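# Structural overview
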There are 2 protein chains.
Amino acid sequence: MINKLAIIGIGLIGGSLARALRRAGHVQEIVGFGRNLNNLKLAVEMGVVDRAEVNLVAAIEDADMIVVAVPVGAMTEIFSQLAGRITRETIVTDVGSVKTSVVTMAREALGATEFSRFVPGHPIAGTEQSGVAASREDLFQNHQIILSPEPDTDPGAVETVRAMWEASGASVRMIDAQQHDIVLAASSHLPHVLAYALVDMLVRRDDHREIFDLAAGGFRDFTRIASSDPTMWRDICVANREPLLKLLQNFSDDLGEVMAAIEAGNGEWLMNTFERARHARETYVKPAPSDSPDSVE
Amino acid sequence: MINKLAIIGIGLIGGSLARALRRAGHVQEIVGFGRNLNNLKLAVEMGVVDRAEVNLVAAIEDADMIVVAVPVGAMTEIFSQLAGRITRETIVTDVGSVKTSVVTMAREALGATEFSRFVPGHPIAGTEQSGVAASREDLFQNHQIILSPEPDTDPGAVETVRAMWEASGASVRMIDAQQHDIVLAASSHLPHVLAYALVDMLVRRDDHREIFDLAAGGFRDFTRIASSDPTMWRDICVANREPLLKLLQNFSDDLGEVMAAIEAGNGEWLMNTFERARHARETYVKPAPSDSPDSVE
């Protein structure tokens, strides 16, 4: 049970966590901090937070749980402001889609004791929408949350953060930060970059109206993630540079092989590749849970 | 009104067309031709066709409408068998996802008068599933059908094919074969190749179980089309080689630029690109019609 929860950044994820914890009766008071006044106002009107603050120090006062839910690129500044203000009664966690760079930011900004109260986290849930208006109390239902505690992270803090996410309906897994970043670069960051790159390439063509007009459901689903928040994804690309670049290079090399096969009319190679991909997808990719929203990150 | 409809290939598209026309009362008798006996048997059991034939000549006897709904790679053989059997009472159309190569095949196999009764077509509808079991009577509802008549195609034949598709619930557009192939390479063929290539790349990694296990809805939707029929897509890649290769090269070049921007930490470039893509998608890509199945091609 959380007495006072401070959510730094009341967007899709921060707002949905607030709503899920409220529904679960897992929190007494929720204060939201943000910069976008319209969004903050909406968060109060929707009852997502009890109170909104544009002053970070006021927002976190007496909070026993602080959830940092801003884009990764804005986290350094937040950690700097939290430094010196994390007491033994406060636990801090984040929801960033990359973990090693967030851990580095937190380690540099916070004192050692403060850092031990910081539990790096990443909910594998979201939609292509953003802002508190898109938040939903069931966003984490049946979704996975990754926690990436460091060797010097306080085990009690980890358990408290785990309990919070479980109260939101999610299941929690421990994966170290480096492995997280490699796996998520493959399952999430690379597909987002490919979707953005494809749509951007097409819209720059003279015949883009006709292309989009003749696009059907396959294209719509393939490019859904290209409607995601550009700030968030710019930050992820910059923060997870190494794993993402490596995968982009692999993918680019593979595309070269596909092109060679098409050029050569090598139907057998194409057939084997497509068949292997289809089999993999049908074997490993879980179908959409009917009781859960489509999720992106 | 069609007296006898012969559908060559009772899969997702052929089966769905049969069901849609039956529901609309637009056809008297439907005969299905196919090679897969289990699928043919199912088509009869489901009531999709009145009769199944494994002999093409028997299937098309007295048919006033023949719909060729086999993968593009199997069409040459079908056209060869139709040659000499298309009377002035018969109209032939196809549902292939590429048009110039199908037109070439038909022109080479058929006599000039026969060719004038062939109306090249492509329904922009489908799902990642295949076979008559996946067919549905509302597959074409609110979807577009492209017809690509040649200068020597009989206008009356075009109108009869148009009427057939409109009876199935679709709307019909005329686009010439070459333009069709360029536009569809962009809106459909390229995304399919990218989805197959991505899933294939990932499944060959040692950590593929963890990658797929941590994939969320974004990945699921992005890769849905990688569950499509490999034979169909191999044929499309081979048949639409030139436009597809050109787009793959463009995309590969663009990926190089994305990689350079990530390497350089050029957040502004990434932000502009992602923002442009998001704006394009939200402006031009139609949301999923709630009364219509997800469609792929």
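In what follows, the structure referred to is the one given above.
Report follows, based on the coordinates. Model, not experiment: these values are computed from the prediction. (Residues numbered from 1 in each chain as written. Chains lettered and ligands numbered in written order. Predicted model: local features only at pLDDT ≥ 70, side-chain atom pairs only at ≥ 80, totals over all residues. Heavy atoms only, no water.)

### Looking at the packing of aromatic side chains
Considering all chains together, one arrives at 13 aromatic pairs over all chains under this definition. Look at F274 of chain A and Y196 of chain B: their rings are 4.1 Å apart centre to centre, the planes differ by 10°, and that puts the pair in the stacked class. Linking F274 of chain A in helix α13 (residues 267–284) with Y196 of chain B in helix α8 (residues 177–203), this pair reaches from one chain into another. Among the aromatic residues, those joined into a ring-pair cluster are F79, F115 and F118 of chain A. (Phe/Tyr/Trp six-rings, centres within 6.5 Å; stacked < 30°, edge-to-face > 60°. Helix = DSSP H or I, 4+ residues; strand = E, 2+ residues; numbered from the N terminus.)

### Focus on the relation of the copies chain B and chain A
Taken together, a rotation about one axis and a shift along it account for how the two chain copies relate. Once chain B has been moved 0.0 Å along the axis and rotated by 180°, it coincides with chain A to within an RMSD of 0.0 Å. Here the copies are linked by what is in effect a two-fold axis. Ranked by how close their C-alpha atoms come to the rotation axis, the residues of chain B are headed by F222 of chain B, at 2.0 Å. When the interface residues of chain B are mapped onto chain A, 100% of them are again interface residues, pointing to one common binding face. (Least-squares fit on C-alpha atoms with pLDDT ≥ 70 in both. Contact = heavy atoms within 4.5 Å.)

### Points about the pattern of salt bridges
Counted according to the given criterion, the structure contains 46 salt bridges over all chains. The salt bridge involving D200 of chain A is made with R276 of chain B; its shortest N-O contact spans 2.5 Å. Residue D200 of chain A is found in helix α8 (residues 177–203), and its partner R276 of chain B is found in helix α13 (residues 267–284); the two belong to separate chains. A relative accessible area of 3% means that D200 of chain A is categorised as buried. Put simply, D94 of chain B and K99 of chain B hold a salt bridge, and the shortest N to O gap is 2.9 Å. Look at D94 of chain B and you get buried, because its relative accessible area is 0%. Exposure remark for K99 of chain B: the relative accessible area of 0% places this residue in the buried category. If you follow the salt bridges from partner to partner, you end up with D200 and R204 of chain A together with D254 and R276 of chain B in one network. (Salt bridge = Lys/Arg side-chain N within 4 Å of Asp/Glu carboxyl O. Buried < 20%, exposed > 50% of the residue type's maximum accessible area, 1.4 Å probe, protein only.)

### As for the sheet that holds strand β3 (residues 51–53) of chain B
All names here are of chain B. Pairing in this open sheet of six strands is parallel, and the strands run β3-β2-β1-β4-β5-β6 from one edge to the other. The strands lining the two open edges of the sheet, one partner per strand, are β3 and β6 (118–119). Two strands pair when backbone bridges link them, and strand β4 (residues 65–68) and strand β5 (residues 91–94) are joined in this way by four bridges, in the parallel orientation. Bridged to M65 within β5 is I91. Each of β1 (2–8), β2 (27–33), β4, β5 and β6 touches helix α4 (residues 75–82); the most contacted strand, β4, lies at about 160° to it. In the packing of helix α7 (residues 155–167) onto the sheet, contacts are made with β1, β4, β5 and β6, and the angle to β5 comes to roughly 60°. (Pairing = 2+ DSSP bridges. Axes fitted to C-alpha atoms, helices over the stretch in contact; angles between N-to-C directions.)

### Structural notes on the sheet that holds strand β7 (residues 121–124) of chain A
All names here are of chain A. One open sheet holds the three strands; their spatial order is β7-β8-β9, and the pairing between them is mixed. The sheet terminates laterally at β7 and β9 (171–174), the two strands that pair on one side only. For this sheet the average axis-to-axis angle between neighbouring strands, irrespective of direction, equals 25°. Relative to β9, strand β8 (residues 144–147) runs parallel, the two being bridged by four bridges. If you follow I145 over to β9, its bridge partner there is V172.

### Considering α13 of chain A
With 18 residues, α13 of chain A extends 25 Å from end C-alpha to end C-alpha; this agrees with the ideal 26 Å at 1.5 Å per step. All buried positions along α13 of chain A are accounted for by G267, L270, T273, F274, A277, R278, A280 and R281 of chain A. (Expected span 1.5 Å × (residues − 1).)

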